[in-house]
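Coordinate inspection notes
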Amino acid sequence: MDISSEIHDNIEANRSKVYKRDIMFYNVVDLEKLAPLTQKESCNCSQCAQNIEELKKLSLEFPAYINGERSDKRELEMRIDKIRRHLVKEHGYMAKGIQQSIGAAIGIVGGALLGLLLGFAIGKIKVCMLVCLAVGLTTGMIIGKIYENKKIKEGKIF
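Residues numbered from 1 in each chain as written. Predicted model: local features only at pLDDT ≥ 70, side-chain atom pairs only at ≥ 80, totals over all residues. Heavy atoms only, no water.

Moving on: the overall build of the protein chain. A count of helices and strands for the protein chain gives seven helices and zero strands. Each helix and strand of the protein chain, placed in order from N terminus to C terminus, yields the pattern α-α-α-α-α-α-α. Its C-alpha radius of gyration of 21 Å places the protein chain more than 25% over the 15 Å reference for a compact globule of 158 residues. On the principal axes, the C-alpha backbone points of the protein chain span a range of 65 × 35 × 20 Å. Counting every position in the protein chain, which comprises 158 residues, the buried fraction comes to 36%. At a minimum sequence separation of 6, the contacts of the protein chain that also span at least 24 residues come to 71%. Here the protein chain displays about 9700 Å² of accessible surface, and carbon together with sulfur accounts for 61% of that area. Across the protein chain, the mean location of the 24 positive side-chain charges is 10 Å away from that of the 19 negative side-chain charges. (Helix = DSSP H or I, 4+ residues; strand = E, 2+ residues; numbered from the N terminus. Rg over C-alpha atoms; globule rule 2.2 N^0.38 Å. Buried < 20%, exposed > 50% of the residue type's maximum accessible area, 1.4 Å probe, protein only. Contact = heavy atoms within 4.5 Å. Areas by Shrake-Rupley, 256 points an atom, 1.4 Å probe, with all protein chains shown as cover. Lys, Arg positive; Asp, Glu negative; His and termini not counted. Charge placed at Lys NZ, Arg CZ, Asp CG, Glu CD.)

Here's what the structure looks like:
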């Protein structure tokens, strides 16, 4: 049985034991997203091989964590995040939308700086700031989207 379908089946079997909003809030759905990526990398990475077992275990035990104490909920989040961080740091994966957001932030900062410089040089700070912020934001989002599409083609987005 494929690891993704096994985890999906485990989550579906236990879904009725917790509130629907808690499944989303505590990132239980991420177990299904992380499973195929972890399985793909497990042949070359011993940590990913261990993470497959961790994902199986979490998919079975998540109701006990969510319905338990606050520390149990925190532990569930930390264990899922540990697997996600490993994929990001060691294998170059990234969440969808991250690059576009980073590009937008860099574009805003760059646009603000350019707007200030042009505004002081021309003498119309408000107009230059407004135009340069819009151009910087748009440019940053486009560049971020291009980079993200490159990662999608490589299969490195989850």
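This next bit is on the nonpolar core. Counting 25 residues, the largest nonpolar core has Val28, Leu31, Phe62 and Leu76 as the members making the most contacts within it. Taken together, the elements giving at least two residues each to this core come down to α1 (3-14), α3 (29-41), α4 (46-67) and α5 (70-91). Sequence-distant contacts of Leu31, that is, excluding residues within four places in its chain, are made with Ile7, Ile11, Leu55, Leu58, Ser59 and Ile80. (Core = buried A, V, L, I, M, F, W, Y, C linked by side-chain atoms within 4.5 Å.)

A surface patch of nonpolar side chains, about 270 Å² in accessible area, is lined by Ile108, Leu133, Leu137 and Met141. Ranked by residue count, the leading element in the nonpolar patch is helix α7 (residues 125-154), at three residues. In this fold, Leu137 is placed in helix α7. (Patch = residues over 30% accessible without salt bridge, like charges linked within 9 Å, V, L, I, M, F, W, Y side chains within 5 Å. Salt bridge = Lys/Arg side-chain N within 4 Å of Asp/Glu carboxyl O.)

Attention now moves to the pattern of salt bridges. Scanning all chains against the criterion turns up 10 salt bridges. Across the pair Lys33 and Asp30 runs a salt bridge, and its minimum N-O distance is 3.8 Å. Here Lys33 and its partner Asp30 are both found in helix α3, three residues apart, which amounts to about one turn of the helix. Since its relative accessible area comes to 44%, Lys33 is described here as partly exposed. A salt bridge links Arg84 to Asp81; the nearest nitrogen and oxygen atoms lie 2.8 Å apart. Of this pair, Arg84 and Asp81 both sit in helix α5, three residues apart, which is roughly one turn of the helix. With relative accessibility at 17%, the residue Arg84 sits in the buried group. Judged by its relative accessible area of 28%, Asp81 is partly exposed. Residues joined by salt bridges that share partners form a network here, namely Asp30, Lys33, Asp81, Arg84 and Arg85.

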